[in-house]
Amino acid sequence: MSIRVNGMEVLPPDDARVSLLDHLREHLHLSGTKKGCDQGACGACTVLLDGNRVLSCLTLAAQADGSNVQTIEALAAESGALHALQRAFIEHDGLQCGYCTPGQICSAIAMAEELRRGDPSYVTLDLAAGPPVVTRAEIRERMSGNLCRCGAHNGIVEAIEDMLVETAA
Amino acid sequence: MTPFGYARAADRADALARVGSGARVLGGGTNLVDLLRQNVEQASELVDVSRLEGAIRESDDGGLLIDASVRNATLAAHPLVRHRYPVLARALLAGASAQIRNMATVGGNILQRTRCMYFYDVEGARCNKRQPGAGCDAMDGFNRYHAVLGASDQCIATHPSDMCVALAMLDAVIHLSGPDGERSVPLTDFHVLPNATPQTETVLKPGELITGVELPPPSAAVTHSEYRKVRDRSSYAFALISVAGGLAIAEGRITEARIALGGVAAKPWRATRAETALVCVAPTPDAFLAAIREELVGARPLSGNGFKIGLAERTVVAVLGALAGARA
Amino acid sequence: MTKLQNAIIGGVRAVLGHVPASWLPGGTPDPLIDKRVSLGGQQSRIDGPDKVRGAARFAAEVPMENLLYAAFVHSTIARGRIADLDVSAAEAAPGVALVMTYRNAPKIGVPPPIGITNLKAAGNHTLPIMQDPEIRWNGQVVAVVLAETREQAEHGAALVRVRYDAAPARTRFEEGKASAYTPESMLVERNRLDKGDASRKLAEAAFTIDAVYTTPWENHNPIEPHAATLVWREGKLIVHDATQMVHGTAGSLANIFGLKAGDVHVSSPYVGGGFGAKGLWDHQILGAAAAKLAGRPVRVTLSRASMHRLVGGRTQTEQRVALAADADGKLKALLHHGYGVKPLHSVCDEGFSLTGRSLYASESFDVVQHYVDLDLLANSFMRGPGETPGTFAIECAMDELADALGMDPIELRRCNAASRDPVSGAPHSQNAMMEAYDLGAARIGWDRRMAKPGTRREGEWLIGMGCATGTFPFTRMPGTSVRITIDAAGGAHVASAAHEMGMGTATVQRQHAADRLGLPLDRVTVIIGDSSLPFASFAGGSSQTASLAAAISAASGKLATELMRLAGNDTPLAGLKSSEVEFADGGLRSVEDPARHESFASILRRSGRGELSVVGESGAPLEILKYSMHSTSANFCELRVSEITGEIRVDRLVGAFDCGRILNAKTATSQFKGGMIMGLGMALTEETLLDERTGRIMSTSLADYHVPVHLDVPDIDVLWTDIPDPRTPLGARGIGEIGTTGVAAAIANAVFNATGKRVRDLPLTLDKLI
């Protein structure tokens, strides 16, 4: 078995203690995924595991064996053209120091898919109803697992709104 | 982290065999990996059960059978849960973050350990749960998040799960499998109070594995239920107090009341006294308050968490009041 | 020292009072105040593409062959000695290369303290590091374990056994107050201010407020943990660091390791959030020592817990504010006394008592603050040091006074707005605090506010509005330098050892250099973040932009002179003095006759030069001693408080800022909002839990230390007066820190307006409201 990282087959580490995050950063030199707290409290290490957003710091690399892992490095096109959400982050200044940014972006990409599926959130008023109405409160609740200390929250939410509008159109 | 081996369970039998030979069970890892990294726990072998079949299906009697490896996010989004057990969906969605809910399994959520800061500080703090007899630094320390019900002079930790509060309210039953076969335990009996042995947190026996959770068919008070979590931050924070409530009302009288509290004890707290007090009475704020006060008679505040008693009262009254109002 | 400092600064101020303004920096307003092409617009940050790709490389991400990973063992007592130290199990553990303790650590010096006398020093404390068995705070590093992998290093660290002989430790704030000390000076001001018989006025006034406000310990908690990748090469130390003081770190490490200044190279192109925390702490020093001992490169990445044990936060404060006013609201007296923690080994002042000295035209002042010396990790600067806790106390007290007077809080400020510095009498360089109030009040709809608390309600929610002033002084750091290089094609390259941790440093200075040199943006590059570049002071005190701007301005003057010299006589500019030319259209032209122009490329080509470099420097900031130079802001908040649970939901924040000219509307908005959100966290949730029994910080994770999450952060409106400060480069004052000031007070005041409950102790957790 192997882990498929951004389309490339890689071997899991020999040491079972190695987190997916450390495997990406220290062994595969994919340092776009960030280590913020290493204990599941900040979201900076968010990657997509088989399409779902997860925290790579609390995922053992061995647990990703046989799975597809997508990181921030795979988001832009091979031509280098940025993903619409990456462009929107720049346009709305949804970043300052840039350290939480890859996690915010990966998280938001998966969040858009969750919304499209109609998954509810804690602030969804009627859980039994169909797909939730996308409000800023919905976006904020769903993104609350990604901390930002510089305070780029407004720009991040605006950038995500842009992407949601663009993909809905 | 001490070095450990990792194996992915091929099936339940394989998992049981490995657990029987001393492997620690790994679900989503959202709690265990953290505890291992902080050296709060040690393991020599891990058996990963998170890839075992995770199904959610209706039981023959109209209840719900949930495999232990079902992810929290999957369960929260499931149509049957959202329609029939809204309190469970809301409780799940109140927990942690979207990323963690995508990882965390039902079995792991039930077995998660307290977030007491002294429990986590392996080098610098005393904790009877980590090291029986060592003492408890939380007792006279920061105990704002700690228990007001069922604590002992050995331990005042709380159970951090939101999901379990809803499960307690729902009369959920935990299915276990072990060397002696299979058995079932009501969730409300699964976690135990600290008493003199705070290191013992559940009735899980060595070699046993949680295989699933069964929900009885939804009663009227279950289909009309809500979960409200009160915390320091608007999201992504553990509960100071949480309330799972459900009400059924007929002809101006309560026919069924269900209440469970989170953030108050070492286990999700089913407020049976309050429930009993509410049956056949009119659903008024005074009745709700009197009932929850009866439940909280035994509450014992610590230096930093006395506010929880009043907060629990007010939140219960609000949750039940909203349910009564919505029904009326 | 500090008495001497008071005398020197007092003397310089007295002299400068008589010196004509035109002789001082900023004597002639910067022409770029009005002549703006790139400046002032909405410019996206130039490092945005790299950051959104995850391609911006941070300190822990620099690849290095043969790397060892470091893990730290921290003390568990606050005071005493190491009695037994057993590292044998750790040394024998798989992958462990080295365990360093005081027994085998290289002999090194103590950190030189950061301060205004030595800009190449960055030490936050002045204690010996791993040189003896003494324990001086709970969390001090007692062993460093180096191993081939991070997992092995951390496992090794867990195997180190330490036994201590504990000594009595002073760890309790209340007990420490009894023996508090009173420093002579507070930053560049005298600590004690007694003017106009405040005690008599307080006793006689028609209206008084006298209350005690507290703010807790707080930690910066940048999302990037402190990290460094260090290697020794041929006796020289190379450090890839996360620092907001590149040269300070290099200079300090050179000093500590007994090296020549040039033998330490520090590189820090990106910093994942600093807020004051990313300075020199023990981890870089221990990392360098361990790398030296091991003879291999070392990577240090602090765990969140290690960050809390090694990187100091903002001290808790206890502040008494007494205000006296006549029936019209005119302030007769302002008393501001208080305590903070500053251990004797600590370097950074938390000058909260400076806040009230410049804001309002009180007739009298009685101000002094004291420090408690405890056996704790050194406190440090955190965004808006001094003014952030200071405005909480002063601005809550102003709100209380307004309530006592039955006056609108804005009107109370209006009738006390100072027309010059109320203490020194120095003129303001520029001040439009009340214009900021008017802008903010209009935006939030202040007229909707109910004067009587507790009267607006929606369901279980009580709704309220509050306002508060924010303020932060202008500073410009001397010595900050830039090199401008004009290349053969006529493009400009600006280089300085400045810092980027989200402020948009390179983005804004590129705009500045383009306008200064008459170039389009795409002909200018800016490179920062490396100690091989010309000296720049730390990124702190909201001074970096002004300091760099002054340096670029100075360099551009030199550039004009050099270019005119190279241009010689065979040029349309022949015969002109450098004072008679200006930069335009990629070259120089005559001010009198714009048709006389020669491009940079042409001048260089004719003179046979491939490129031309000049270095300019920010001179002594004498203007701050002649003028009262403070930015101000008006913060507004609208929020809801649950009557059931006491939970607060902030629905809106508006910040209106008077900070001179805004240089980049987009990045400035982010700076302001970021500061305000830190103020929001301070108001609602942030509190470092220091267990006073042991002196140990318990809230060492981001799950325990609550910074705001997305759902806590409302839509924020940011406005500015945009009135230029004629005494500053570009007409701008710093904007990095003022955003944080005044926000907690605005929120606490809104909570009062919503509920009628006055909470004077931060954070405003729900238990204080039910």
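Residues numbered from 1 in each chain as written. Chains lettered and ligands numbered in written order. Predicted model: local features only at pLDDT ≥ 70, side-chain atom pairs only at ≥ 80, totals over all residues.

## Focus: the interface of chain B and chain A
Worth spelling out the cut-off: Think of it this way: build a C-beta for each residue from its backbone, and any pair within 7 Å is a contact. Only runs of H or I of at least four residues qualify as helices and only runs of E of at least two qualify as strands under DSSP, and these elements are numbered from the N terminus. Ten residue types, Ala, Val, Leu, Ile, Met, Phe, Trp, Tyr, Cys and Pro, are classed as nonpolar, four, Asp, Glu, Lys and Arg, as charged, and the remainder, Gly among them, as polar.
In this assembly, 27 residues from chain B lie in contact with 27 residues from chain A. Among the secondary structure elements, those contributing two or more residues to the side of chain B that touches chain A are β1 (5-8), α2 (32-37), α4 (79-84), α5 (86-94) and α6 (98-103) of chain B. Split into classes, the residues belonging to the side of chain B that touches chain A amount to 14 nonpolar, nine polar and four charged.

## A short note on the pairing of strand β3 (residues 45-48) of chain B
Residue and element names in this part refer to chain B. Our working definition: Paired strands are those between which DSSP finds at least two bridges. When the strands point away from the viewer, a crossover counts as right-handed if the path from the first strand over the helix to the second runs clockwise.
Direction of pairing for β1 relative to β3: parallel, over a ladder of four bridges. Pairing of glycine 5 across the sheet is with glutamate 45, part of β3. When strand β2 (residues 24-26) meets β3, the two strands line up parallel, connected through three bridges. Paired with valine 25 across the strands is valine 47, a residue of β3. In this fold, the crossover linking β2 to β3 by way of α2 has right-handed handedness.

## Observations regarding the packing of helix α18 (residues 665-684) of chain C against helix α19 (residues 743-755) of chain C
Geometrically, a packed helix pair is captured by the angle between its two axes and the distance between the axes. All names here are of chain C. Spelled out, the test is: Angular values range over 0 to 180 degrees, each being the angle between N-to-C directions of two axes fitted as lines to C-alpha atoms, with helices fitted over their stretch in contact. Geometric relationships in this document are graded by angle, where less than 35 degrees denotes roughly parallel, more than 145 denotes roughly antiparallel, 65 to 115 denotes roughly perpendicular, and other angles denote oblique. Helix crossings are classified by the rotation of the near helix relative to the far one: an anticlockwise turn of less than a right angle makes the crossing left-handed, while a clockwise turn makes it right-handed.
The geometry of α18 relative to α19 is characterised by a closest axis approach of 8 Å and an angle of 50 degrees between their N-to-C directions. By the angle between their directions, the pair α18 and α19 is classed as oblique. The handedness of the crossing between α18 and α19 is right-handed. In contact with Met676, Gly679, Leu680, Met682 and Ala683 of α18, α19 contributes Val743, Ala744, Ile747 and Ala748.

## Regarding the packing of helix α11 (residues 387-405) of chain C against α19 of chain C
Residue and element names in this part refer to chain C. Contact pair α11 / α19: the axes reach a minimum separation of 8 Å and the direction vectors enclose 35 degrees. Of the two possible hands of crossing, α11 and α19 adopt the one that is right-handed. Where α11 approaches α19, its residues Thr391, Phe392, Glu395, Cys396 and Asp399 are matched on the opposing element by Ala744, Ala745, Ala748, Asn749 and Phe752. Split by residue class, the contact of α11 with α19 holds six nonpolar, two polar and two charged.

## Overview of the environment of alanine 167 of chain C
Residue and element names in this part refer to chain C. Note the following rule: With C-beta atoms placed from the backbone, a residue is labelled by how many other C-beta atoms lie within 10 Å of its own: buried for 20 or more, exposed for 12 or fewer, partly exposed between the two.
Mapped onto the elements of the fold, alanine 167 is located in the loop between β6 (161-166) and α5 (173-177). Residue classification places alanine 167 among the partly exposed positions, given that 13 C-beta atoms sit within 10 Å. When the C-alpha positions of alanine 167 and glycine 80 are compared, they lie 4.5 Å apart, and in sequence the two are 87 residues distant. If we ignore the near neighbours within four places in the chain, the residues touching alanine 167 are Arg79 and Gly80.

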